[in-house]
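Structural characterization, general
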Amino acid sequence: MTKHRLFWPAVVLAALLLANVVFTPDFFAIRIKDGHLYGSLIDILHFGAPLILVALGMTLVIATSGIDLSVGSTVAIAGALACLHISGAADPASPATVLGAVALALGVALVLGAVNGVLVARVGVQPIIATLILMVAGRGVAQLVTDGQIVTVTSEPYKLIGGGYWLTMPFAILFAAAVVLLTSLLTRRTALGLLLESVGGNPVASRLAGIRATGLIGLVYLFSALCAGVAGLMISSNVSSADGNNAGLWIELDAILAVVLGGTSLTGGRFSLGGTVIGALIIQTLSTTVYTIGIPPETTLVFKAFVVIAVCLIQSPAFRAKAARRRARPGRGTASRPLTPENTEVGA
Amino acid sequence: MPAHPARQPVLEAHAIRKEFPGVVALDGVDFRLFPGDVHALMGENGAGKSTLIKVLTGVYASDGGEIVLNGRPVRITGPLQAQRAGISTVYQEVNLCPNLSVAENIFIGREPRRLGLVHWSELRTRAARLVASLDLDVDVSAPLNSYSIAIQQLVAIVRAVDVSAKVLILDEPTSSLDRDEVRQLFTVLRRLRDQGVAILFVSHFLEQIYEICDRMTILRDGRVEGEYAIGELSQADLVARMIGGELAGLEDLSGRHGPHAEADAAPFLRAEGLARSGAVEPYDLTIRAGEVVGLAGLLGSGRTEAARLLFGADRSTEGSVRIEDAVVTLPTPRAAISYGIAFCSEDRKTEGLVGELTVRENIVLALQAARGWLRPLSRARQDEIALRWIRSLDVRPDDPETLVRNLSGGNQQKVLLARWLITDPRLLILDEPTRGIDIGAKAEIQKLVAELAQDGMSVLFISAELEEVLRLSHRVGVLRDRRLVAELPNDGSLTPERIMATIASGAPS
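Structural notes, computed from the coordinates.

Parameters and conventions
- Residues numbered from 1 in each chain as written.
- Chains lettered and ligands numbered in written order.
- Predicted model: local features only at pLDDT ≥ 70, side-chain atom pairs only at ≥ 80, totals over all residues.
- Heavy atoms only, no water.
- Helix = DSSP H or I, 4+ residues; strand = E, 2+ residues; numbered from the N terminus.
- Rg over C-alpha atoms; globule rule 2.2 N^0.38 Å.
- Buried < 20%, exposed > 50% of the residue type's maximum accessible area, 1.4 Å probe, protein only.
- Areas by Shrake-Rupley, 256 points an atom, 1.4 Å probe, with all protein chains shown as cover.
- Pairing = 2+ DSSP bridges.
- Axes fitted to C-alpha atoms, helices over the stretch in contact; angles between N-to-C directions.
- Parallel < 35°, antiparallel > 145°, perpendicular 65-115°, else oblique.
- Left-handed = near helix turned anticlockwise from the far one by under 90°.
- Contact = heavy atoms within 4.5 Å.
- Nonpolar A, V, L, I, M, F, W, Y, C, P; charged D, E, K, R; others polar.
- Buried area = accessible area lost by both parts, 1.4 Å probe.
- Salt bridge = Lys/Arg side-chain N within 4 Å of Asp/Glu carboxyl O.
- Polar contact = N/O pair within 3.5 Å; in protein donor to acceptor, adjacent residues only side chain to side chain.

Considering the overall build of chain A
For chain A, the count of helices and strands is 14 helices and six strands. For 348 residues, the compact-globule formula gives about 20 Å, and the C-alpha radius of gyration of chain A, at 22 Å, lands near that figure. Across its three principal directions, the C-alpha atoms of chain A cover 80 × 55 × 35 Å. Within chain A, the fraction of its 348 residues that count as buried is 51%. Counting every atom, chain A has about 15,700 Å² of accessible surface; 69% of that belongs to carbon and sulfur.

Below you can see the structure in the form of structure tokens.
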């Protein structure tokens, strides 16, 4: 069972959750109040939903050995556009206004994704550079959209997206779960996942096998931007306002981290959507933990960094083997040093 | 084991064991290497040769056994430590940094220093001296990738030799060298041997083994079959011991097809004045249905480049291609695939397989790519296809979920072949399909090619081994200096010597 690729991420998540019980005995308690579910676990899922979405898109981008740094900016732009549209409308609370805002925000997100996709897949710019452009410029665009102000909206239907409840659960959780499910069906029930892994694993061989990488790579940047757009709607809806400066700030780094924690290699190829979800939950749990155990705010990032390093080491088979050997000393033992199974080649 | 002149082995291995998930690669291997000997390590693909070398050089940690160096047991924990202990290795695939200069590659990790900084002029001077001592005409400040694979390999050897090696391990050093380069290499090896260096030599070229080696150890299925002085075994005996007496794969292929049985068949593909500037000069070539056309020529003669144009792997700059009399354009491999053309690259690792995907996934890749991602092959279909081809090509291990990078070279080649055969191609281009693979797998692949042609598939067969080209081809195109200089019908009178003469003179003889 320890061989399963999701084993260690799951262990880490479980350990983090258990650690919280020490500080907050009723950490696992879930109450029903006014027909809504409440509890720390629900909060983690609820506030983690935007990160799960962004990380989901990031997973597919990373699978093609790319990276998308612009998702944070896309989050900000999508939220800003939606809020501006609603606040400027005659009837902010009408479903039509909200649907229009959603369509506008996601449409623009898709355009941003298309820009990334064209730059990477057609023009051949390195992904980190191509998306860095939008990462930097996008914040400025978000500021322009909101005129440098925080735009607040009062709209019940819009509030539903990030802050509302449906069937006792926060709507954001249900929506994120649906997207995860759909994405995994889309990649694993069609050949999309295989072709993406092939393109990411060996682009030259993939071309010679007749795979049209341009379209596939363009597609994942579109998907990543769309996910970021939805995340932007959730974030701005949850606080009923759009902050071009701070919405989605550094979410690209959290998303990349979530992907890596979930066991997908930054060099591309094999990816794991389940791993990414667990990775995103680890990061969100960590944020929650920081508050519940009362770590001073100025040292939160340092604390987070240590946990992340620890998690990465625990997941590394080479490190675990080393640690095991150290423990086995001074007896000579069986001289076993299992290397990463992925790096071995059998025979001549 | 036969007694050896009273010399102490410089390197000894006792009961080495190495396991990979699902495979025992080495099972109690004993091995010894004497100073001043060139020692051959023989065995089929998957017999454990590469694994043993990697254990000896610290790339893999063994799961059991002991290594004794100069009479003292050692624990080799990594390539660097192996190097310091005096064991240097040159691998089958050149493991240098192609974007660094030749000089930097030779001294990487042990650069001459002055005041803690790299002493660049000293580094270049020393590199130039080393290269000159091997009579190589190489500019040491040029990036390594501006040279052919053959030169890169020699640079790797220069580097290994200079690490003051007591033990030099060469894994398939000659598979990408032409005859002159092999001679040059052997001169160097003999000099090193006379200086008392122990050389471990792995090669699939039996003639070379008999030319350069003093002793050999034969591995079979991860065990030692025996150790022999080179004169003790005939080549036939050696082969029999390597494959364990099953000579079935080696049956004579001659007479499988008439010399030019397909002369009146309709042409499937016709290249007219096809060229790519800087890669290959304009050439005409016709390939008929059911015909095997061989391409012969030295390394860098344009064999591969000519074939790549027919697959759309590179774009042609002039000329045209007709498929069944219709002019077609082949801007991408995808276009060529749609016309039923398949291409197995000579560089399996970087241009063929996706290492981190499974055997099954690699086999269905081209077929799936042709269908598009919206029309997936069901998992049951994939399993069925993979299992059928694993069985019929005898891929080992036979688990379709093994990662392709965990397979040996010959088995990887079979997976690549299977990938294209399931697309049911009309023209199969094989670029060095038997390079670096063992004699058993080689015979199997040759047999398969002959059978496929008999069933009506056209084959373009590229190989550096003239015997192999002759055995399979109906016609042989000869390339020299990026030009197709002759097309020789294989009418029974064609011999490797005549092809060599054509390559040498540039005109049919």
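With respect to the sheet that holds strand β22 (residues 483–489) of chain B
All names here are of chain B. Here we have six strands laid out as an open sheet, ordered β18-β19-β20-β15-β21-β22, and mixed in their pairing. Two strands lie at the open edges of the sheet, namely β18 (341–344) and β22, each paired on one side alone. For this sheet, the mean angle separating the axes of adjacent strands, direction not counted, is 15 degrees. Direction of pairing for strand β15 (residues 292–296) relative to strand β21 (residues 475–480): parallel, over a ladder of four bridges. Considered in β21, the bridge of G294 is made with V476.

As for the packing of helix α14 (residues 409–421) of chain B against helix α15 (residues 439–454) of chain B
Residue and element names in this part refer to chain B. Viewed as axis vectors pointing N to C, α14 and α15 meet at an angle of 15 degrees, and their least axial separation amounts to 11 Å. Between α14 and α15, the interaxial angle falls into the category roughly parallel. When you trace α14 past α15, the crossing you get is left-handed. For the pair α14 and α15, the contacting residues are Q413, K414, L417 and L421 in the first and A441, E444, I445, L448 and L452 in the second. For the contact of α14 with α15, the class distribution of residues is six nonpolar, one polar and two charged.

Thoughts on the interface of chain B and chain A
If you look at the interface, chain B gives 51 residues, while chain A gives 38 residues. Of the roughly 3,700 Å² buried at the junction of chain B and chain A (both faces included), carbon and sulfur atoms supply 56%. The largest share of the area that chain B buries against chain A comes from R334, E356 and W373 of chain B, three residues that together contribute 18% of it. With its nearest N and O atoms 2.5 Å apart, the salt bridge here joins E361 of chain B to R270 of chain A. Counting across the interface, chain B meets chain A through nine residue pairs in polar contact (both at pLDDT 80 or more).

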